[in-house]
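Residues per chain, in single letters:
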Amino acid sequence: MSPPTTTIYLIFIFSLFIPPHPSTADQSFISLLITQNGLDFVKDLLTSEAISMLTPLWLNQIEKTVKIPLIGKVHIVLSDISVNRVKIGSSYIRPGVSGVSIDGSEVTCELSMKWHYSYGTSSWIAPISISDSGTASVEVNGAGVDLTLGLDNEEGSLKLSTVDCNCHIHDMEIDLHGGASWLYQGIVDALEKQIMSAIEKAITEKLNAGVSKLGSFLQTLPKQIPVDDIASLNVTFVNAPFLSDNSLGFEINGLFVKSQKNTPSLHNALRSPVSCSDSSKMVAIALDQAVFVSAAALYYDAMFMHWVVDKAPEQSFLNTAGWRFIVPQLYKKYPNADMDLDISLSEPPLVQILWQNIEATVYSDVIVNVLEGDETIPVACISLAIAGTGSVEVIENNLAGHLKLDDFTMSLKWSKIGTLHMFLIQPVMWTLIETVFVPYANARLGKGFPLPIINGFTLQNAEITSSDSRITVCSNVIYQKESFDRSSIAS
Ligand SMILES: *[C@@H]1O[C@H](CO)[C@@H](O)[C@H](O)[C@H]1NC(C)=O
């Protein structure tokens, strides 16, 4: 992105000037709330991930020597045991003090396996050995799975841990294909418990492995989301996640940062909890005014809020001939000379997020240059205070803006061509702002900046509200990738 592009990119809406204050503690300027509906969505996603991870699931071979009446000692081996289908009848998710609990009940599984037995019997002639083999299927009908996940902030990343992971099977049905009825009874009596606990253990282990995989995925979430080549959004987690009865909240730093540089410290962190008027929305993201302040300060400090206008829809503005009757002395001194306008911000833009309204004021200096041959001759400087009304919308996962010009005031800062009649220049400036400045700004603001959303998830039916010094995005979410594995950042 070229400097002027970036210049205008965030000038207008996303900014406010507040003198920097020293700050000691980590503060949060964007907070994210996952509502009960959002949690249910996450639960369904995790449940289907778990099911696909559990099928097929191979269990260790089970063997045992059992004493069967009339037959004697029989060595039974169950092998190639695999869980082929898992269904979770009902499930719920609940945040609590110890972590987020996900419970699945009415869990059913189907397993297949091979059986083999052998025994020796001593006949009166010689010891003989008898063996047989076949297959079996097992149906687990009543099982429950409880998983409690701990969530912590570890050096700015989310740390996921298993607080508790249990699987209990209440009821199981074994169906032998082939084999004698004594064998069936023998297996049920001697091995049912062992099969059950093997399944329980395998499921628990697999779920633990899944949690640690998800945990390492969360650990690798980036701490910055690039906005463009100058700025990034600092998405470092601050403070511990907030768990309430029916929601899960996260706080992130949320300020704009230049690569590896310090950001201005800002005072007004988020105070009240995030909420949505529409309780069916899955997530709420609240952005404090300070997020926009940090953007404005950063782009302002980086001297990027500077722009030269040498093309305009009304090209006559950019020639002294066009100013002939407005500033006669200019035309007299430089007849028919081309001009350009050098616009730079004199202060970081001011943005105020108000109730259902966003007000922006941009303070800029416009230097009028006359171009003579290779020479650029500054002839006057006009200070502008442009007031506009901003609106924001969500485009994919970006927060984009739009500016509408309301009013502006102007004054002469200096002049090398004598007094200028500001009331004559005013209509020209208005046209210039309306036809060049605002459309240009809107083209850039329209792209917006990324909201902190994990890759693979997309906001849907987002609604935006602005309240006193805060913008809240309430939205549903859809998930498009099959796995957590390959995602890295939002953008
Ligand atoms: C990002 O935010 C964290 C937490 O507030 C902070 O410690 C860190 O210094 C910030 N990073 C930059 C580059 O400012």
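Look a little higher up for the structure.
Keep in mind the model is a prediction, meaning the values are calculated, not measured.

**Student:** Tell me about unusual backbone geometry, residues and numbers included.
**Tutor:** The omega torsion of the bond from Thr 55 to Pro 56 falls at -5 degrees, within 30 degrees of zero and hence cis. Of note, Pro 56 is situated in the loop between helix H2 (36-54) and strand S2 (57-59). If you check the backbone angles, Asn 461 has positive phi at about 50 degrees while not being a glycine. Secondary-structure assignment places Asn 461 in strand S21 (residues 457-467). Judged by the 14 C-beta atoms lying within 10 Å of it, Asn 461 is partly exposed. For Ser 469, which is not glycine, the phi dihedral falls at a positive 55 degrees.

**Student:** So what's going on with the pairing of strand S11 (residues 248-252)? Which residues, and what values?
**Tutor:** Within S11, five of the five residues are buried, which leaves it mostly tucked inside the rest of the structure. As defined by bridge partners, strand S10 (residues 242-243) adjoins S11 across two bridges and the pair is classed as antiparallel. Note that in S11 the partner of Leu 243 across the bridge is Leu 248. Adjacent in sequence and paired antiparallel, S10 and S11 are bridged by four residues.

**Student:** Can you explain the sheet that holds strand S9 (residues 231-234)? Please cite residues and give values.
**Tutor:** One open sheet holds the three strands; their spatial order is S8-S9-S12, and the pairing between them is antiparallel. In this open sheet, the two edge strands, each paired with only one partner strand, are strand S8 (224-226) and strand S12 (256-258). Strand-to-strand twist of the sheet, defined as the mean angle between neighbouring strand axes without regard to direction, takes the value 40 degrees. Note: S8 against S9, three bridges, orientation antiparallel.

**Student:** A description of the environment of Gly 448 should follow, citing residues and the corresponding values.
**Tutor:** The topology assignment puts Gly 448 in the loop between helix H6 (422-445) and strand S20 (449-450). C-alpha separation for the pair Gly 448 and Asn 397, spaced 51 residues apart in sequence, amounts to 9.3 Å. Ignoring anything within four residues of it in the chain, the contact list for Gly 448 reads Ile 395, Asn 398, Leu 399, Ala 400 and Gly 401.

**Student:** Provide a residue-level description of the environment of Val 477, including the pertinent values.
**Tutor:** Its place among the elements puts Val 477 in strand S22 (residues 470-479). Excluding anything up to four places from it in sequence, Val 477 contacts Gly 38, Phe 41, Met 282, Val 283, Phe 457, Thr 458, Leu 459 and Gln 460.

**Student:** I'd like a rundown of the environment of Ile 199, residues and numbers included.
**Tutor:** Locating Ile 199 in the fold gives a position in helix H3 (residues 181-219). Ile 199 gets classed as buried once you count the C-beta atoms within 10 Å, which come to 22. Distance in space between the C-alpha atoms of Ile 199 and Leu 59 is 7.2 Å, their sequence separation being 140 residues. When neighbours within four sequence positions are excluded, Ile 199 is seen to be in contact with Leu 59, Val 83, Cys 109, Val 140 and Ile 169.

Rules used in this analysis
- Residues numbered from 1 in each chain as written.
- Predicted model: local features only at pLDDT ≥ 70, side-chain atom pairs only at ≥ 80, totals over all residues.
- Helix = DSSP H or I, 4+ residues; strand = E, 2+ residues; numbered from the N terminus.
- Buried ≥ 20, exposed ≤ 12 C-beta atoms within 10 Å, placed from the backbone.
- Pairing = 2+ DSSP bridges.
- Axes fitted to C-alpha atoms, helices over the stretch in contact; angles between N-to-C directions.
- Contact = placed C-beta atoms within 7 Å.

Nothing here speaks to function; it is geometry throughout.
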